[in-house]
Amino acid sequence: VPINERQMTVIEAFRHAWKGYKDFAWGHDELKPLSKSYSEWFGLGLTLIDALDTMWILGLKEEFEEARKWVADDLAFDKNVDVNLFESTIRILGGLLSTYHLSGDNLFLEKAKDIGNRLMPAFKTPSKVPYSDVNIGRGTAHPPRWTSDSTVAEVTSIQLEFRELSRLTGDDKYQKAVDEVMKHVHNLSGKNDGLVPMFINTNSGQFTHLGVYTLGARADSYYEYLLKQWIQGGKTENELLEDYVRAIEGVKKHLLQRSQPKKLTFVGELAHGHFSAKMDHLVCFLPGTLALGAHNGLTADHMKLAEALIETCYQMYAQVETGLSPEIVHFNLHAQKGHRDVEIKPADRHNLLRPETVESLFYMYRFTGNKKYQDWGWEILQNFNKYTRVPTGGYTSINNVQNPSNPEPRDKMESFFLGETLKYMFLLFSDDIDLINLDKYVFNTEAHPLPIWVPA
Ligand code: DMJ
């Protein structure tokens, strides 16, 4: 299937982003495109690894080969450095595994095994619920300095990757460790109609900070990975499906409301019985996940909800001055003259080049063929180009989506812009359902496709 014009625009955007990374941040974690330098988080070439399979999918052979050479010659995990278990699993382990599958190149599997093994000490806790941080050189793990809690989304969104590592190596220790966490969370009390709190204690294994429920930060990908593990494993692990279906019922019962004046369906938050009309941009993964569930046989109301929510996520862009969504919005529950549905607080008006809405647009287009989803994504891409593109190379997060004349560049390009946002853009604009066929692959939460064990 030939590449169309919109896809060419994505390739151009990727090349521009890559140029900045190559010129000023090669081998480092993130590009700082304005100061023409880089920032280090783990010191593991995060952007380069996150972008490998995107280059493969976009057909950028030359760039891919150059990056492969860096992985072969310079990527070393034998380093005295603390990494976050979740972030390094979804970006590094996930990125290496998917690149191995797409390219068939054993180098990536070897590297995946190496980082996988180095992350395993995180599971040595009294409850077996993993610590948030691991020193991959020393083999020691610990919680954040101020608490012995881990984040629920973090400990339940590493499963796709570790399970796949077991399948590939024939060593079940990785799968055992992460399945145990899922089983434990499945049996835990403190849920509200399938909705989970945001924190879990690594000593007691119990949820903490009870009574607060969100589909946004710290809980989001728990729900995503329930469905996706069920799909990965060939739809046989019933507890995962049950927990997912129950949670979506919980969302409907406790978190759904409609805004004014446009009556947009949105997912709010619940704190100790109080509803808040706050929605993180992160929640915009949900329409895509719901659509994926419906495609895999779940009831049609999941698709209906997906359609309503993707419209809302689009409006989080369309109702803003730059056409780019802020990190968090508050919806108006009552009509007020001159007010839109979406309100933005000064502290929330940044945009980090996040992927969730584009990701959901991709699923919606794949499953419905409705071209409006492509058009919405195209608008978003143009606004990224207008407000976040740095002339000398790279794209930048911005501080103020409400000020088109000065969106206040933040001087940072997150690795997920190349790993996810541009990849989902490219897939959204494609009419080739075999370009990562969703009956054969399941995307991890960082947009790295992993094989479904029993393809449909
Ligand atoms: C990514 O690392 C992943 O998509 C994660 O699930 C959420 N946060 C970022 C992107 O917004």
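Parameters and conventions
Residues numbered from 1 in each chain as written. Predicted model: local features only at pLDDT ≥ 70, side-chain atom pairs only at ≥ 80, totals over all residues. Heavy atoms only, no water. Helix = DSSP H or I, 4+ residues; strand = E, 2+ residues; numbered from the N terminus. Rg over C-alpha atoms; globule rule 2.2 N^0.38 Å. Buried < 20%, exposed > 50% of the residue type's maximum accessible area, 1.4 Å probe, protein only. Contact = heavy atoms within 4.5 Å. Areas by Shrake-Rupley, 256 points an atom, 1.4 Å probe, with all protein chains shown as cover. Lys, Arg positive; Asp, Glu negative; His and termini not counted. Charge placed at Lys NZ, Arg CZ, Asp CG, Glu CD. 1 Å grid on protein atoms, 1.4 Å probe; cavity = no way out; pocket = protein on both sides within 12 Å on 5 of 7 lines; lining within 4 Å. Points joined across faces, edges and corners; volume = space filled by probe spheres on them. Nonpolar A, V, L, I, M, F, W, Y, C, P; charged D, E, K, R; others polar. Disulfide = S-S within 2.5 Å. Pairing = 2+ DSSP bridges. UniProt positions renumbered as here; feature names shortened; annotations may be inferred. Salt bridge = Lys/Arg side-chain N within 4 Å of Asp/Glu carboxyl O. Axes fitted to C-alpha atoms, helices over the stretch in contact; angles between N-to-C directions. Parallel < 35°, antiparallel > 145°, perpendicular 65-115°, else oblique. Left-handed = near helix turned anticlockwise from the far one by under 90°. Near = heavy atom within 4 Å. Polar contact = N/O pair within 3.5 Å; in protein donor to acceptor, adjacent residues only side chain to side chain. Sits in = over half its atoms within 2 Å of the grid points.

Engineer: Give a detailed account of the overall build of the protein chain, specifying residues and quantitative values.
Structural biologist: Within the protein chain, the secondary structure is distributed over 15 helices and 18 strands. Expected size for 456 residues packed as a compact globule is a radius of gyration near 23 Å; at 21 Å, the protein chain falls within 12% of this value. Structurally, the protein chain occupies a C-alpha span of about 60 × 50 × 45 Å along its principal axes. In the protein chain, which comprises 456 residues, the share counted as buried stands at 62%. Within the protein chain, contacts between residues separated by at least 24 positions form 67% of all contacts whose residues are at least 6 apart in sequence. Accessible area for the protein chain stands at about 16,900 Å²; split by element, carbon and sulfur atoms hold 49% of it. Averaging the positions of the 49 positive and the 60 negative side-chain charges in the protein chain gives two centres separated by 2 Å.

Engineer: How would you explain empty space enclosed by the protein if you had to name every residue and give the values?
Structural biologist: Inspection of the entire model under this criterion finds one cavity of 30 Å³ or more. Roughly 30 Å³ of internal volume is contained in the largest cavity. Residue lining of the largest cavity: Leu85, Phe86, Tyr131, Ser132, Ser150, Glu154 and Val155, and that is the complete set. For the lining of the largest cavity, the residue count by class is four nonpolar, two polar and one charged.

Engineer: Which residues make up the state of the cysteines, and what are the values?
Structural biologist: Following the criterion strictly, the structure yields one disulfide and no others. There is a disulfide in this structure between Cys284 and Cys313, and the S-S distance comes to 2.1 Å. Between Cys284 and Cys313, the disulfide has an S-S torsion of -100 degrees and is therefore left-handed. With a gap of 29 residues between them, Cys284 in the loop between strand 14 (278-280) and helix 11 (286-295) and Cys313 in helix 12 (residues 300-318) connect regions that are remote in the sequence. The exposure class assigned to Cys313 is buried, which follows from its relative accessible area of 0%.

Engineer: Just give me the short version of the sheet that holds strand 14, but keep the residues and values in it.
Structural biologist: If you trace the three strands from one edge of the open sheet to the other, you get 14-15-16, paired in antiparallel fashion. Lying at the two open borders of the sheet, with one neighbouring strand each, are strand 14 and strand 16 (342-343). Across two bridges, the pairing between strand 15 (residues 328-331) and strand 16 is antiparallel. Bridging from a neighbouring strand, His330 pairs with Glu343 of strand 16.

Engineer: Break down the UniProt feature "active site" (unreviewed entry) in the protein chain for me, citing the residues and quoting the values.
Structural biologist: Mapped onto the present numbering, the UniProt feature "active site" (unreviewed entry) falls on Glu87, Asp220, Glu327 and Glu356. Those annotated residues that line the largest pocket are Glu87, Asp220 and Glu356. If we skip the residues at most four places from it in the chain, Glu87 touches Trp41, Phe42 and Ile92. On the secondary structure map, Asp220 appears in helix 9 (residues 220-232). What Asp220 contacts, discounting residues up to four positions off in sequence, is Ala153, Leu215, Leu282 and Phe285.

Engineer: Residue-level account of the layout of surface pockets, with values.
Structural biologist: One simple way to see leftover space: roll a probe sized like a water molecule over the atoms. Of the pockets and cavities examined, the largest pocket occupies roughly 1,100 Å³. What lines the largest pocket is a set of 43 residues, among which Trp41, Phe86, Glu87, Arg91 and Glu154 lie closest to the centre. Of all the secondary structure elements, the ones that give two or more residues to the lining of the largest pocket are strand 3 (82-84), helix 4 (85-103), strand 6 (149-151), helix 6 (152-155), helix 9, helix 13 (356-368) and helix 15 (415-428). Looking at the lining of the largest pocket element by element, the count peaks at four residues for helix 4. Residue composition of the lining of the largest pocket, grouped by class: 16 nonpolar, nine polar and 18 charged. Space inside the second largest pocket adds up to approximately 180 Å³. Lining the second largest pocket, in full, are Arg163, Asp179, Met182, Lys183, His186, Gln229, Glu237, Asn238, Glu239, Leu240 and Asp243.

Engineer: Report on the pattern of salt bridges, specifying residues and quantitative values.
Structural biologist: In total, this model carries 29 salt bridges according to the counting rule given. Across the pair Asp172 and Lys176 runs a salt bridge, and its minimum N-O distance is 3.8 Å. Residue Lys176 is classed as exposed on the basis of its relative accessible area of 55%. Across the pair Lys278 and Glu269 runs a salt bridge whose closest N-O atoms are separated by 3.0 Å. Members of the salt-bridge network, linked through shared partners, are Glu87, Arg91 and Glu446.

Engineer: How would you sum up the packing of helix 2 (residues 46-58) against helix 15? Please name residues and give values.
Structural biologist: Two elements in contact, helix 2 and helix 15, have axes whose closest approach is 7 Å; the angle formed by their N-to-C orientations is 15 degrees. With respect to each other, helix 2 and helix 15 are oriented roughly parallel. Both helix 2 and helix 15 take part in a crossing whose hand is left-handed. Where helix 2 approaches helix 15, its residues Leu46, Thr47, Asp50, Ala51, Asp53, Thr54, Ile57 and Leu58 are matched on the opposing element by Ser415, Phe416, Leu418, Gly419, Lys423, Phe426 and Leu427.

Engineer: A description of the site of the ligand should follow, citing residues and the corresponding values.
Structural biologist: Near the ligand the following residues occur: Ile90, Arg91, Leu282, Arg354, Pro355, Glu356, Phe416, Glu420, Thr445 and Glu446. Within the side chain of Arg354, a nitrogen or oxygen atom sits 2.7 Å from an oxygen atom of the ligand. More than half of the atoms of the ligand fall within 2 Å of the grid points belonging to the largest pocket. Every element with two or more residues in the shell around the ligand is listed here: helix 4 and helix 15. A breakdown of the residues in the shell around the ligand according to their chemical character gives four nonpolar, one polar and five charged.

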